[in-house]
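Next come the chains, spelled out residue by residue.
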Amino acid sequence: MPDRPRRAASLAALLALLTLSGACGGPSPAPPVTSASESPSASASPAESPTARSAARPVVVGRAPADLRDVDWKQVPVPGEFCGVPGLVRFGSGNEARATSTVWGQVEISRGLRVQYGDTDEDGRDEAVLSVGCSDEVTMNDQIAMGFVVYTHAGNDLAVLGSITPRRKTDQYTTLLTGAEFAPGRIIVHEKWYRPNDAHCCPSGDATTVWLREDGRLTPGTTRVAS
């Protein structure tokens, strides 16, 4: 499809808003457990994007090194729940993968190239936050959902702690997640949201949401609009 490289490049540019570099080395991911519906459902607006929920317990995706900075993130699957895709999504040799969303039908999931690290449970080992994006192959909307996937240690394994999605939603374009700060028991997530007159390139609204880590899951707290 000739438009696919353009859409992938556009979404990759949005994901590049994150601030810290990833590292190399890596785990051996577990076998795929993803299974998506074969029949696309009716399309929905970005404001109706599914809300990701943290799992009751971390989902193991492979073995983990002592330092998550040594993970080869190109080999690690991501949960597709932020885009309504059941199970895990694997990327093969690239940073994009096709899947079937229960909300938008055929979609393309993109993975950010940068990873953010910080310790939320004070065990001396950092968690990792990876950005993911979702584009609609039917309507060619290259920004229908965005999220952060949080990875942690589960013993010697690498596990998904949960997914984070924007909380400041509008009827404009999808709110972007631009950064994360780590503190004991929480991750402070920075959001850029679109005002009615904002161009696609330049959301002017700023907001933060504190996501709490409690009993092995992530839950969103109050969203504060700064501008």
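Look up a bit, the structure's there.
Residues numbered from 1 in each chain as written. Predicted model: local features only at pLDDT ≥ 70, side-chain atom pairs only at ≥ 80, totals over all residues. Heavy atoms only, no water.

Quick word on the overall build of the protein
How we decide: Counting from the N terminus, the helices are the DSSP runs of H or I reaching at least four residues and the strands are the DSSP runs of E reaching at least two. Relative accessibility thresholds used throughout: buried, under 20% of the residue-type maximum; exposed, over 50%; partly exposed, between the two (1.4 Å probe, protein chains only). By the convention used here, residues are in contact when the closest approach between their heavy atoms is within 4.5 Å. Surface exposure here means Shrake-Rupley accessible area, sampled with a 1.4 Å probe, where a residue is shielded only by the protein chains that are shown.
Of the regular secondary structure elements, the protein holds one helix and 12 strands. The N-to-C order of helical and strand elements in the protein reads α-β-β-β-β-β-β-β-β-β-β-β-β. Sorting the 227 residues of the protein into buried and exposed places 45% on the buried side. Relative to all contacts within the protein whose residues are 6 or more apart in sequence, the contacts with residues 24 or more apart total 59%. With an accessible surface of roughly 10300 Å², the protein has 51% of that area assigned to carbon and sulfur atoms.

Here's the deal with the environment of Val129
Summarising the element assignment, Val129 is placed in strand 6 (residues 127-136). We classify Val129 as buried; its relative accessible area is 0%. Taking the C-alpha atoms as reference points, Val129 and Val149, separated by 20 residues in sequence, lie 5.6 Å from one another. Residues within four places of Val129 in sequence aside, it is in contact with Arg114, Val115, Gln116, Phe148, Val149, Val150, Phe182 and Ile187.

What to know about the state of the cysteines
For clarity, the threshold we go by: The rule for a disulfide is simple: a pair of cysteine sulfur atoms within 2.5 Å.
Scanning the entire structure with this criterion turns up two disulfides. A sulfur-sulfur distance of 2.3 Å marks the disulfide that ties Cys201 to Cys202. The S-S bond linking Cys201 to Cys202 shows a torsion near -85 degrees; that makes this disulfide left-handed. On the accessibility criterion, Cys201 (61% relative accessible area) is exposed. Each bonded cysteine of the protein is numbered by sequence order, and under that numbering the disulfide pairs are 1-2, 3-4.

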